[in-house]
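What follows is the residue order along each chain.
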Amino acid sequence: MPIITDSVFIKGSSHHICQDYAIHGDNHAIGSDGCSSSPHTDVGSRILCNTLSEKLKECGANTEVLRYAAYDAALCADKLGLPNECLDATLFGFHILEGQVISFISGDGYIYKRFRAGGKLSEELRAISFEPNMPFYPNYYTNLRRLKSHNETGVKATLKVDYPSSDLPSFSHTWEADEFCRYESDALGDLELLLMFSDGLGTFQLDKKDIEVNKVLESLTNIKSYSPGFLQRKVINGMKKDFVGTLTHWDDFSVVGLINV
Amino acid sequence: MPRFSTTDETTVPVVGNYFQFSGANITNLGSTEYTLVGLTVDESGSVSSFKDLLNEAVKNAVESCRKSPRADNLLLRVTKFGDSVTEFHGFKEFKSVNVADYDDLTNPGGMTALFDAGVDGVDAIAVQAKQLSDADFTANAIFICITDGANNSSSYTASKLRRVADDAIQSESLESIRLILVGVNPNKSTELTSYLEKFRVDAGFDQYVEIEDATPSAFAKLEEFISKSISTQSQSLGSGSGSVAVTF
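*Asks:* Help me out: how do you make sense of the overall build of chain A in this one?
*Replies:* Within chain A one finds five helices and 15 strands. The C-alpha radius of gyration of chain A comes to 18 Å, within 12% of the 18 Å expected for a compact globule of 261 residues. Oriented by its inertia axes, the alpha-carbon framework of chain A measures out at about 50 × 45 × 35 Å. A buried classification covers 54% of the 261 residues belonging to chain A.

*Asks:* Is there a simple way to explain the sheet that holds strand E2 (residues 20-24) of chain A in this structure?
*Replies:* Sheet strands pair by backbone hydrogen bonding; their relative direction is either parallel or antiparallel. Residues and elements named next belong to chain A. The sheet built from five strands is open, its strands ordered E2-E3-E4-E5-E10 with antiparallel pairing. Two strands lie at the open edges of the sheet, namely E2 and strand E10 (182-187), each paired on one side alone. Along the sheet, successive strands turn relative to each other by an average axial angle of 10 degrees, direction set aside.

*Asks:* When you look at the packing of helix H2 (residues 114-134) of chain B against helix H3 (residues 158-170) of chain B in this model, what are you seeing that I'm missing?
*Replies:* Angle between the axes and distance between the axes are the two parameters that describe a pair of packed helices. All names here are of chain B. Closest axis-to-axis distance for the H2/H3 pair is 9 Å, and the angle between their directions is 10 degrees. In terms of orientation, H2 and H3 fall into the roughly parallel class. Facing Phe-115, Gly-118, Val-119, Val-122, Asp-123 and Ala-126 of H2, the residues of H3 in contact are Ala-158, Lys-160, Leu-161, Val-164, Ala-165 and Ala-168. Split by residue class, the contact of H2 with H3 holds nine nonpolar, one polar and two charged.

*Asks:* Where do I start with the interface of chain B and chain A in this structure?
*Replies:* Each partner contributes residues to the interface: chain B has twelve residues there, and chain A has twelve residues. Both sides together, the interface formed by chain B and chain A hides about 900 Å², and carbon and sulfur atoms give 49% of it. Inspection of the region where chain B meets chain A yields three salt bridges. Note that Asp136(B) and Lys241(A) form a salt bridge whose closest N and O atoms lie 3.8 Å from each other.

*Asks:* Which parts of the structure should I look at to understand the pattern of salt bridges?
*Replies:* Pairing of side chains with opposite charge becomes possible as their charged atoms draw close. The full count for this structure, using the stated rule, is 32 salt bridges over all chains. The residue Lys80(B) makes a salt bridge to Glu43(B) at a minimum N-O spacing of 3.9 Å. Of this pair, Lys80(B) sits in strand E5 (residues 74-81) while Glu43(B) sits in the loop between strand E4 (33-42) and helix H1 (51-66); the two residues are 37 residues apart in sequence, bridging distant segments of the chain. When sorted by exposure, Lys80(B) lands in the same class as Glu43(B), which is buried. One salt bridge connects Asp213(B) with Lys188(B), and the closest N-O pair in it is separated by 3.0 Å. Here the residue Asp213(B) occupies a position in the loop between strand E9 (207-211) and helix H5 (216-235), and Lys188(B) occupies one in the loop between strand E8 (177-184) and helix H4 (190-203), the gap between them amounting to 25 residues. Overall, Lys188(B) belongs to the partly exposed group, its relative accessible area being 46%. By sharing partners, the salt bridges in this structure join Lys113(A), Glu124(A), Arg126(A), Arg182(A), Glu184(A) and Asp186(A) into a single network.

*Asks:* Explanation requested: the sheet that holds strand E7 (residues 120-131) of chain A in the structure shown.
*Replies:* All names here are of chain A. Strand order in the open sheet formed by seven strands is E1-E15-E11-E6-E7-E8-E9, with antiparallel pairing between adjacent strands. One side of each edge strand has no neighbouring strand; the edge strands of this open sheet are strand E1 (4-10) and strand E9 (171-176). Across the sheet, the mean angle from the axis of one strand to that of its neighbour is 10 degrees, orientation sign disregarded. In terms of strand pairing, strand E11 (residues 191-197) meets strand E15 (residues 253-259) through five bridges, oriented antiparallel. Within E15, the residue paired with Met-196 across the bridge is Val-256.

How each quantity is defined
- Residues numbered from 1 in each chain as written.
- Chains lettered and ligands numbered in written order.
- Predicted model: local features only at pLDDT ≥ 70, side-chain atom pairs only at ≥ 80, totals over all residues.
- Heavy atoms only, no water.
- Helix = DSSP H or I, 4+ residues; strand = E, 2+ residues; numbered from the N terminus.
- Rg over C-alpha atoms; globule rule 2.2 N^0.38 Å.
- Buried < 20%, exposed > 50% of the residue type's maximum accessible area, 1.4 Å probe, protein only.
- Pairing = 2+ DSSP bridges.
- Axes fitted to C-alpha atoms, helices over the stretch in contact; angles between N-to-C directions.
- Parallel < 35°, antiparallel > 145°, perpendicular 65-115°, else oblique.
- Contact = heavy atoms within 4.5 Å.
- Nonpolar A, V, L, I, M, F, W, Y, C, P; charged D, E, K, R; others polar.
- Buried area = accessible area lost by both parts, 1.4 Å probe.
- Salt bridge = Lys/Arg side-chain N within 4 Å of Asp/Glu carboxyl O.

Laid out in structure tokens, this is it:
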């Protein structure tokens, strides 16, 4: 069965315009969450996703690709007459290359992986958050003053790792969040499902009461049909069936993913 | 059980509640929502005088739907009925349909299994809709039955068709279903009109329209009506209710 990629983004209930964006191609998918307090980030997140998509085709995923994409996106925004701050947005996604899946994230969000090796299933969930809520945006690479300012504000990044289907204890690690971009590489053969989310994942509510991320994840990872559009169907139709009541999310929500069965 | 005339990689055999049919291969479907289109066409002996016009009308209606902005969200199944029901092709995306095949859609002969064609058509829609719903797709449906005569060769009744349609809606797999009965009545028989009107009520069709002339212009009107009805029903998907009747 071929690998199937997909992406979806949906406006949050507290937003007038969706500042999240997500796209996918045959071997990659990219999502972006625009900063609410910066101007025109709905456009900026689109520029970043498309610029990064072109960069991945050009040079593949590497530890500099987000920086290169940010430079090109800044040029694009400038040509469009948009302020540079429109690119204040997270970037996350993956690129499948030579039997490896390279996933990357700059800013906050979630990474879920399900592995199946030797008939044994395992799951991992990584949650990346920033304190105070000032995620590192790749756009800071394009402006040394803002990069320096961000690095000097003492922002802490926390990576929390959970193992949803096992008894393994979760753990977290916190560190100075300067120039935070995380890259991970996994063998495609063992990876059954990869989902990467914007921080909107943590804002779901059922009948206006908060739902635990693990409950939302349980629904999102219960994929009913392994065919193109699997994430769109799950998010647009399937999740409503998994919960009794009115399901909402106040923040914009985007997810990119692959299935490999 | 309908006879199958075509099977390919886009369809898979499905056991319905009353008949078997060729269902869409869900692993090939890439949209989030579909309008299931069931079309059944009379091929009893009496159709022979306007067979070519009927084939052409259905062919052009299908061609028109292929060009619709909603074409990627339509799944079409076509059957024909004489002594029994025959599946022309199972549920397929319009891009997989070869319209040239419709030149030979009907081969008139035999009697009129009108009620069976209705039960088969609506039940296949209901079962396919359940499969789609289970896989997180949303669906609505339209079923169009074209006939020129009264039933005289069925195992099921008109009221059975109504129950099958009611069950389809109550299962919540379908957002809505629209049932349309088309009477071809070139002899302007008042008995046939009355019969089909009664069939509409007994079976629960939403709309009955009649062609009173077997002329190219009358069938051109039919093809436009079919394609508009399909398009309107598909556009209503997601609204929570069915489409309004298209004027014939």
